[in-house]
Amino acid sequence: MIKNTSATANSAETDGAKSSRNKVRKAVLPAAGLGTRFLPATKAQPKEMLTVVDKPQIQYVVEECVTSGIEHIIIVTGKGKNSIEDHFDSAPALERFLEEKGKKDQAEMVRKISNMVQVSYTRQKEPLGLGHAVLVARDLVGDEPFAVLLGDVLIPGPNPATKQLINVYESTGVGAIAVEEVPKEKTHLYGIVDGEPAPQPPFGERLLRIRELVEKPKPESAPSNLAITGRYVLPSAIFDCLERTKPGAENEIQLTDALRILAREQGLWAYIYDGVSYDAGHKLGFLKATVELALENLEFGAAFRSYLKTLKL
Ligand code: UTP
């Protein structure tokens, strides 16, 4: 059962200690996968660096962290992923070149990418699964709660899913994972949550206590149509759960298997976040993200919409 460790302590001092212990400052972005669903584009470049409209996917994810108040991002990279590090590094020669050409706005934009947040890198030597990638970040995270954001899932918008999960964690002291409704006939494509409604202010009906997590169930046996979305806020206890997780599907260490242990031992919330996600890690999802985000673009969204209307579909 989920233990509510929210601020009900007797003294203000205990309250303070508790809330600082619950503060979520770090995020892990696993980006070491091979991106095989996106071949041949990902033969020599990371899928997290593929551009959606005007910036690489992983920049959207880093920006979500920054808007959510994250202070330190740990990106898990692997072979062939150096361009991710280059993207968030400073680029003095490029900045100087742009300044000299009088392109101050562009120079500022380039500078902002490397200054927006502290980023550390660690390498997953082999892509042994999402769970394994998170475990690789253990030392850099230490003994504190942290967020996990998949580097190829975009959830743009002013109210980031990660911030919503942080609010849940910081007020309850219990881990939370983002879920969203999917069509019942598509449950076999997702990790699906079996959750018991556990409404409480200010989260209301969006909060569910996780009973079980089911990997890709057929529609007729799915316990719900709530799919795991690629955003998590977890206590450091997840690392011990990952240590105890044996390789599962595709011989990989699955994060979902470790979450199941965490849910059983310490409780775990599913939170129906407010927002829209794009799984840009495969071709169709990437195209949908590109079209929808291009339509919202302030600079050329209107022109793009007019262009789409001219297509004979
Ligand atoms: P995916 O399963 O979408 O990525 O994992 P993948 O393995 O690269 O994709 P395919 O199936 O071969 O096309 C979600 C995120 O987790 C990272 C990926 O880089 C991606 O951002 N990941 C996955 C790791 O960091 N390590 C792994 O071993 C697996």
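Worth saying up front: this structure is predicted, and the values here are computed from it rather than measured.

Definitions and cut-offs
- Residues numbered from 1 in each chain as written.
- Predicted model: local features only at pLDDT ≥ 70, side-chain atom pairs only at ≥ 80, totals over all residues.
- Heavy atoms only, no water.
- Near = heavy atom within 4 Å.
- Polar contact = N/O pair within 3.5 Å; in protein donor to acceptor, adjacent residues only side chain to side chain.
- Areas by Shrake-Rupley, 256 points an atom, 1.4 Å probe, with all protein chains shown as cover.
- Nonpolar A, V, L, I, M, F, W, Y, C, P; charged D, E, K, R; others polar.
- 1 Å grid on protein atoms, 1.4 Å probe; cavity = no way out; pocket = protein on both sides within 12 Å on 5 of 7 lines; lining within 4 Å.
- Points joined across faces, edges and corners; volume = space filled by probe spheres on them.
- Helix = DSSP H or I, 4+ residues; strand = E, 2+ residues; numbered from the N terminus.
- Core = buried A, V, L, I, M, F, W, Y, C linked by side-chain atoms within 4.5 Å.
- Buried < 20%, exposed > 50% of the residue type's maximum accessible area, 1.4 Å probe, protein only.

Student: Explain the site of the ligand to me, using residue names and the numbers behind them.
Tutor: If you check the shell around the ligand, you find 18 residues, and the closest are T36, R37, E48, Q124 and G129. Take P30: an N or O atom from its main chain is 3.1 Å from an oxygen atom of the ligand. Within the backbone of G35, one N or O atom sits 2.8 Å away from an oxygen atom of the ligand. The fraction of the free accessible surface of the ligand (570 Å²) that becomes covered by protein chains is 85%. Per-class residue counts for the shell around the ligand are eight nonpolar, six polar and four charged.

Student: So what's going on with the layout of surface pockets? Which residues, and what values?
Tutor: Approximately 820 Å³ is the volume found for the second largest pocket. Around the second largest pocket, the lining is made up of 32 residues, and of these D54, K55, Q59, Y60 and E63 lie nearest the centre. Elements supplying a minimum of two residues to the lining of the second largest pocket: strand 3 (55-56), helix 2 (57-67), helix 3 (82-88), helix 5 (104-115), strand 7 (153-154) and helix 11 (283-296). For the lining of the second largest pocket, the element with the most residues is helix 2, which contributes six residues. Its residues assigned to classes, the lining of the second largest pocket comprises 17 nonpolar, six polar and nine charged.

Student: Give a description of the nonpolar core that names residues and reports values.
Tutor: Counting residues in each nonpolar core, the largest one holds 80 residues, and the members touching the most others are L29, I177, L234 and I238. The element that contributes the greatest number of residues to this core is helix 10 (residues 255-266), accounting for six residues.

Student: Residues and numbers for the environment of K246, please.
Tutor: Relative to the elements of secondary structure, K246 occurs in the loop between helix 9 (237-243) and helix 10. K246 gets classed as exposed once you look at its relative accessible area, which sits at 65%. Between the C-alpha atoms of K246 and P30, which are 216 residues apart in sequence, the distance is 19 Å.

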